[in-house]
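Fold and contact review
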There are 2 protein chains.
Amino acid sequence: MAYTIKDVARRAGVGIATVSRVLNDSPNVLPATRARILAIIDELGYRPNQAARQLVTARSHAIAVVLPFLTRPFFIEVLRGIEAVIAQSGYQLIIFNVETIEQREHYFGTLPFLGRTDGLIILSLPLGSIELQRLHDAEMPAVFIDTSAPGYSSVEVDNVAGAQLAVEHLIQRGHTRIAYISGPLHPTLGFPVNRDRKQGYELALLAHQLPVRAEYIRPGGDGRAIGCATALELLDLPEPPTAIFTASDEQAFGVIDALTMRGLVPGKDVAIVGYDDLELARYIGLTTIRQPMEQMGREGAERLLDNLLNGNIEPTIQVIPVTLIERATTSPAS
Amino acid sequence: MAYTIKDVARRAGVGIATVSRVLNDSPNVLPATRARILAIIDELGYRPNQAARQLVTARSHAIAVVLPFLTRPFFIEVLRGIEAVIAQSGYQLIIFNVETIEQREHYFGTLPFLGRTDGLIILSLPLGSIELQRLHDAEMPAVFIDTSAPGYSSVEVDNVAGAQLAVEHLIQRGHTRIAYISGPLHPTLGFPVNRDRKQGYELALLAHQLPVRAEYIRPGGDGRAIGCATALELLDLPEPPTAIFTASDEQAFGVIDALTMRGLVPGKDVAIVGYDDLELARYIGLTTIRQPMEQMGREGAERLLDNLLNGNIEPTIQVIPVTLIERATTSPAS
DNA sequence: AGCGAGTATGGAAACGCTTCCGTGCATCAT
DNA sequence: ATGATGCACGGAAGCGTTTCCATACTCGCT
């Protein structure tokens, strides 16, 4: 059994209140007493029981991050940014990874972080109004990254503008038959970003009086394999596109795979623009839309800490700009 | 203020003990009573206070993972395996990321997870004997992955054998001037894997009566840039190596960068073998030693749960075999 | 000398839960 | 009918802290 505050108090010949005062750096403790208590603490290797502390103070000093697909580079990068800020603040970081719809339901249904965390960072997962209400009722401070929710702060990128940027770039390169491979548009687990990007795609086409062709818009999915399969479908159209914009770099890699299989050269025969700017993109030479992923994580975490530490509960909505990174897959037709 | 067990008890017209029994699925509660209580709980949206529960049961239902460099693919992959097992068990996952020596000291000095977690998974970080003693005194169940510690279970790969495998392969390809770029050999934050791999490298050379040349062994560091810089140094030697083995894929990528800068072709002019088998390795065609990263995470987490759930405290040391993945960077000289 | 203000400290309540123990009651065998 | 048994349930202790309040003491001023 570990030592308790009583053990320390007894051996130091003081009351437990005084020990507590020392533990919490409160003033009004004689330097000599403080030193004596600290010596005993050190000697015994005493550590205050966090659960007891937590019970009486109603603070856990922990923050939970709920994110989908711990494995995917985008989320890892954002997490990295979050971690950097959180760790520095003395808070602990609890991870809830959502891989399935059941898990999603479970987390937002039972709110297992309640009473275990002081705040919540929700990544890319949009909440329904009932879920949002439940969160609100629980009075849990929360920040959304890569999504937003009424009444809460959020950090997002302008996905409509990002997609427009991508498509404008292709149009400037002279393309008129431009396809879009979306991420999954699943109603609950699907991410709204895909809808926004589709909208940006359409806006850009319309702005240049180009037709929006249904057969050029593919729901896609996630991951390289699906990108490849979808690209093959597009290439088999009677009038195949000359450029493909994908909602993620991973899918763009799949598109490159598909072109290679068909003996086509990316950037020469078919132009490609991805989304994310993963590390691999640079290496492969993929033109893409860069999202400042780590920055998003940092900003979100800072927003939450601002709430927790400074009591600043005013919701802020921050939109971080994206940039186009030009590489080989849209090199000027030569 | 949130509802407490008393509120539920009062409204249901029962004692708090009965509510507690319902919460903990204990028998000996009349079905009618149970239903009534559950209805009230649902109506109120009552959630038991975890801190209180934790205080009395002395269990937190959380597990901490201490890992270095949350950003690096190797650790992410292992973490993914850990998460998959832990989440399924109902435990929560707390992340402690170590990026600096100060953080390392802080974590293993103050053991901030004490009283907050039921168990610990330590990734790649070797502990000193004082630290180990402290951990032991705290009676915290722990498992080590990619390191080991006396008295604790561990899951490792045979790094000596892995390095031998890599170098043997190069020797079979006819190389005799083989260099080794190690990971950082930092005494405290440095990882013993680098030492083991160096040993495997030397053993393989000796087994084939090849000389171990000091100028071919480079401490390197981490990341692509350092791999590149180190490779350039090697290429500038009066008698440059014809093959380079690196302690990580990331460094191997840097080596490829260096070759490209010099107009050399990887696998043709200079052979390269990496270590890890990151996703990018497949794409680039890097021959490498594959470590079953996710599996290591899973096995480690299972070991810990076996301790926590089944009380199985017998330490086990598991060594997972590595495999050589042959790709273009060691294609047969043609 | 005496009084008020301030300081160091201890006692005890409270946080919300689990769990031990005891009580009342129905059931059953005698 | 009576005692023994078992079940459903309530009361209360206790987990290890923080914090409020009371107390004893010191100091400086009149």
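Residues numbered from 1 in each chain as written. Chains lettered and ligands numbered in written order. Predicted model: local features only at pLDDT ≥ 70, side-chain atom pairs only at ≥ 80, totals over all residues. Heavy atoms only, no water.

A few points about the overall build of chain A
The helix and strand inventory of chain A stands at 13 helices and 12 strands. Computed over the C-alpha atoms, the radius of gyration of chain A is 26 Å, more than 25% above the 20 Å expected from 2.2 N^0.38 for a compact globule of 334 residues. The principal-axis extents of the C-alpha atoms in chain A amount to approximately 90 × 40 × 30 Å. Taking the contacts inside chain A whose residues are at least 6 apart along the sequence as the reference set, 69% of them involve residues at least 24 apart. About 14,400 Å² of surface is accessible on chain A, with carbon and sulfur atoms providing 54% of the total. Each charge class in chain A can be summarised by its mean position, and for the 29 positive and 37 negative side chains these summaries are 6 Å apart. (Helix = DSSP H or I, 4+ residues; strand = E, 2+ residues; numbered from the N terminus. Rg over C-alpha atoms; globule rule 2.2 N^0.38 Å. Contact = heavy atoms within 4.5 Å. Areas by Shrake-Rupley, 256 points an atom, 1.4 Å probe, with all protein chains shown as cover. Lys, Arg positive; Asp, Glu negative; His and termini not counted. Charge placed at Lys NZ, Arg CZ, Asp CG, Glu CD.)

Remarks on the protein's contact with DNA strand D
Around DNA strand D, 29 residues are found, and the nearest of them are A:Ile5, A:Ser20, B:Gly15, B:Thr18 and B:Thr33. Counting only atoms of DNA strand D within 4 Å of the protein, the fraction found in sugar and phosphate groups is 65%. Within the contact set of DNA strand D, a phosphate oxygen lies 2.9 Å away from a side-chain nitrogen or oxygen of A:Tyr46. Within the residue set of the surface near DNA strand D, elements represented by two or more residues are helix H2 (16-23) and helix H4 (50-57) of chain A together with helix H2 (16-23) and helix H4 (50-57) of chain B. It is H4(A) that contributes the most residues to the surface near DNA strand D, five residues altogether. A breakdown of the residues in the surface near DNA strand D according to their chemical character gives 16 nonpolar, 10 polar and three charged. (Near = heavy atom within 4 Å. Polar contact = N/O pair within 3.5 Å; in protein donor to acceptor, adjacent residues only side chain to side chain. Nonpolar A, V, L, I, M, F, W, Y, C, P; charged D, E, K, R; others polar.)

Points about the interface of chain B and chain A
Contacts between chain B and chain A engage 42 residues on the former and 42 residues on the latter. Of the roughly 3,600 Å² buried between chain B and chain A on both sides combined, carbon and sulfur atoms contribute 54%. Three residues, B:Gln92, B:Arg116 and B:Tyr283, lead the burial of chain B against chain A; their summed loss comes to 19% of the area buried on that side. Across the chain B-chain A interface, the total number found is two salt bridges. (Buried area = accessible area lost by both parts, 1.4 Å probe. Salt bridge = Lys/Arg side-chain N within 4 Å of Asp/Glu carboxyl O.)

Quick look at helix H1 (residues 5-12) of chain A
Residues and elements named next belong to chain A. Residues of H1 that are buried: Asp7, Val8, Ala9 and Ala12. Its buried side turned inward, H1 meets H2 and helix H3 (31-44). Two residues or fewer past H1, glycine 13 is found with a positive phi of approximately 70 degrees. (Buried < 20%, exposed > 50% of the residue type's maximum accessible area, 1.4 Å probe, protein only.)

Comments concerning the packing of helix H5 (residues 73-89) of chain B against helix H13 (residues 293-310) of chain B
All names here are of chain B. H13 packs onto H5 with a crossing angle of 40 degrees between their chain directions and a minimal axis gap of 7 Å. Taken together, H5 and H13 sit at an angle that is classed as oblique. Crossing geometry of H5 relative to H13 is assigned as right-handed. Taking contact as the criterion, the partners of Phe74, Glu77, Val78, Arg80, Gly81, Ile82, Val85, Ile86 and Ser89 in H5 are, on H13, Met293, Glu294, Met296, Gly297, Arg298, Ala301, Glu302 and Leu305. Its residues assigned to classes, the contact of H5 with H13 comprises nine nonpolar, three polar and five charged. (Axes fitted to C-alpha atoms, helices over the stretch in contact; angles between N-to-C directions. Parallel < 35°, antiparallel > 145°, perpendicular 65-115°, else oblique. Left-handed = near helix turned anticlockwise from the far one by under 90°.)

A closer look at the relation of the copies chain B and chain A
Each copy superposes on the other: chain B lies on chain A with an RMSD of 0.2 Å after a rotation of 180 degrees and an axial shift of 0.0 Å. Both chain copies can therefore be described as sitting about a two-fold axis. When you check the interface residues of chain B against chain A, 100% turn up at the interface there too, and the contact is symmetric in its surfaces. (Least-squares fit on C-alpha atoms with pLDDT ≥ 70 in both.)

Points about the pairing of strand E3 (residues 119-123) of chain B
Residues and elements named next belong to chain B. In terms of residue burial, E3 counts as a mostly covered element, since five of its five residues are buried. Every second residue of E3 is oriented toward a common face, with Gly119, Ile121 and Leu123 on one face and Leu120 and Ile122 on the other, all of them buried. In this structure, E3 lies alongside strand E4 (residues 142-145), joined through four bridges in parallel fashion. Within the sheet, the bridge partner assigned to leucine 120 lies in E4 and is alanine 142. Chirality of the crossover, the property in question, places the unit of E3, helix H7 (residues 129-137) and E4 among those that are right-handed. (Pairing = 2+ DSSP bridges. Right-handed = clockwise from strand over helix to strand, strands pointing away.)

Notes on the environment of A:Ala231
Residues and elements named next belong to chain A. Mapped onto the secondary structure, alanine 231 falls in helix H10 (residues 224-235). According to the relative accessible area criterion, alanine 231 is buried, its value standing at 0%. Sequence separation between alanine 231 and aspartate 306 is 75 residues; the distance between their C-alpha atoms is 45 Å. The residues touching alanine 231, leaving out its near neighbours within four places in the chain, are Ile181, Val255 and Ala258.

Let's talk about helix H13 (residues 293-310) of chain A
All names here are of chain A. With 18 residues, H13 ought to run about 26 Å at 1.5 Å a step, and its terminal C-alpha atoms sit 25 Å apart, in line with that. For H13, every residue scored as buried is listed here: Met293, Met296, Gly297, Glu299, Gly300, Ala301, Leu304, Leu305, Asn307 and Leu308. Downstream of H13 by one or two residues, glycine 311 has phi in the positive range, about 65 degrees. (Expected span 1.5 Å × (residues − 1).)

A closer look at the domain arrangement of chain A
Assigned domains of chain A: these are domain 1 (5-48), domain 2 (60-156 + 293-320) and domain 3 (159-291 + 324-330). Each of domain 1 of chain A and domain 2 of chain A has a C-alpha centre, and these two points are 37 Å apart. (Domains from an automatic or database assignment.)

With respect to the protein's contact with DNA strand C
Around DNA strand C, 28 residues are found, and the nearest of them are A:Gly15, A:Thr18, A:Thr33, B:Ile5 and B:Tyr46. Near the protein, within 4 Å, the atoms of DNA strand C are sugar or phosphate in 67% of cases. Here a phosphate oxygen of DNA strand C sits 2.5 Å away from a polar atom, N or O, in the side chain of A:Thr33. B:Arg53 places a polar side-chain atom, nitrogen or oxygen, 2.7 Å from a phosphate oxygen of DNA strand C. Secondary structure elements with two or more residues in the surface near DNA strand C: H2 and H4 of chain A together with H2 and H4 of chain B. When residues of the surface near DNA strand C are assigned to their parent elements, the largest contribution, five residues, is made by H4(B). Looking at the surface near DNA strand C residue by residue, the class counts come to 16 nonpolar, 10 polar and two charged.

Examining the packing of aromatic side chains
What the rule picks out here adds up to 14 aromatic pairs over all chains. Note on A:Phe96 and A:Phe113: the rings are 5.4 Å apart at their centroids and 85 degrees apart in plane angle, and the pair reads as edge-to-face. Within this pair, whereas A:Phe96 is found in strand E2 (residues 92-98), its partner A:Phe113 is found in the loop between helix H6 (101-110) and strand E3 (119-123), the two being separated by 17 residues in sequence. For the pair formed by A:Phe96 and A:Phe113, the shared burial category is buried. On the numbers, 6.3 Å between centres and 50 degrees between planes, the contact of B:Phe245 with B:Tyr275 is tilted. Here B:Tyr275 lies in strand E9 (residues 271-276) and B:Phe245 lies in strand E8 (residues 243-246), a separation of 30 residues in the sequence. With respect to burial, B:Phe245 and B:Tyr275 carry one shared label: buried. (Phe/Tyr/Trp six-rings, centres within 6.5 Å; stacked < 30°, edge-to-face > 60°.)

Topic: the side chain of B:Asp7
All names here are of chain B. With respect to the helices and strands, the residue aspartate 7 is situated in helix H1 (residues 5-12). Among the residues examined, aspartate 7 registers a relative accessible area of 16% and is labelled buried. Of the polar contacts made by the side chain of aspartate 7, one reaches the side chain of arginine 10; its length is 3.0 Å.

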